[in-house]
Amino acid sequence: MGGTVLVRYGAIPVVARCTADRADGLARGLRVVVGTSRGLELGTVLESVNGPETHNVEPQEHSHLSDNGERAESQFSVLRAASADDEARSLELKTNCEGQFSDWCRRIEGWNLDLELIDLEWTLDRSRLILYVLNERGPDCTKLALQAAAAGLGPVEVQPVDAEGLMQAQVSGGCGTGGGGCGCGS
């Protein structure tokens with residue numbers, strides 16, 4: 001029986017509603033591989049949102065702008081239970097990130113960016129490196145992603161964090177072109 005479960009994932013934890021082919025077989029605490037807007041990630045099942053035991057949980061909202069500029073919900077799904085290989089891969093990637101942390105701090109300083117790196121992580125499929133910075137979303141976040149791309153450091157997502165957790169992109173406003181809804185927040 002398909003359904004929806006709450007799954008926590010990420011170095012700076014996020015809780016998301018994820019579809020699952022068999023939600024009734026996903027017990028609390030089960031490690032799973034989830035498909036997110038960032039790529040494949042390892043997560044932990046918290047609970048089913050279909051059952052009577054569902055609590056008053058406010059999961060992180062996940063939306064993005066579609067090609068026509070309208071807000072569209074991202075499809076997050078549980079792909080499978082995590083295997084021993086998935087867990088080993090996750091540990092290997094975490095160790096890799098710990099080794100890269102000081103290099104990224106030096107790059108940020110060398111690029112004259114007013115950002116404080118607090119953590120980084122690779123997605124499980126290594127399709128994206130997420131850099132968590134203790135700052136508001138602003139031009140230096142964009143500059144960091146552009147500098148990383150220009151230096152050939154692969155696909156990088158810069159994710160601002162504050163005391164409340166991940167800061168979501170501002171969807172209202174516009175880029176000054178008059179079109180609005182571009183998501184840049186200006």
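These notes cover the structure that comes with them.

Cut-offs applied
Residues numbered from 1 in each chain as written. Predicted model: local features only at pLDDT ≥ 70, side-chain atom pairs only at ≥ 80, totals over all residues. Heavy atoms only, no water. Core = buried A, V, L, I, M, F, W, Y, C linked by side-chain atoms within 4.5 Å. Buried < 20%, exposed > 50% of the residue type's maximum accessible area, 1.4 Å probe, protein only. Helix = DSSP H or I, 4+ residues; strand = E, 2+ residues; numbered from the N terminus. Contact = heavy atoms within 4.5 Å. Salt bridge = Lys/Arg side-chain N within 4 Å of Asp/Glu carboxyl O. Expected span 1.5 Å × (residues − 1).

## Describing the nonpolar core
Right, on to step 1. With 18 residues, the main nonpolar core has Val7, Cys18, Leu26, Val32 and Val78 as its most contacted residues.
Right, on to step 2. Elements with a minimum of two residues in this core: strand E1 (3-9), strand E2 (14-20), strand E3 (31-36) and strand E9 (129-133).
Right, on to step 3. In terms of residue count, the dominant contributor to this core is E2 (four residues).
Right, on to step 4. Contact partners of valine 78, with chain neighbours within four places excluded, come to Val5, Val7, Cys18, Thr19, Ala20, Leu26, Val32, Val33 and Val34.
Right, on to step 5. By size, the runner-up hydrophobic cluster in this structure holds 17 residues, among which are Ile108, Leu120, Trp122 and Val158.

## Some details on the pattern of salt bridges
Right, on to step 1. Overall, the coordinates contain eight salt bridges when judged by the stated rule.
Right, on to step 2. Here the residues in one salt-bridge network are Arg38, Glu41 and Glu121, joined through shared partners.

## Points about helix H1 (residues 84-110)
Right, on to step 1. With 27 residues, H1 extends 39 Å between its outermost C-alpha atoms, agreeing within 8% with the 39 Å of an ideal straight helix rising 1.5 Å per residue.
Right, on to step 2. Taken together, the buried positions of H1 are occupied by Asp86, Leu93, Cys97, Gln100, Trp104 and Ile108.
Right, on to step 3. Of the residues flanking the end of H1, it is asparagine 112, one or two places downstream, whose phi is positive at about 55°.

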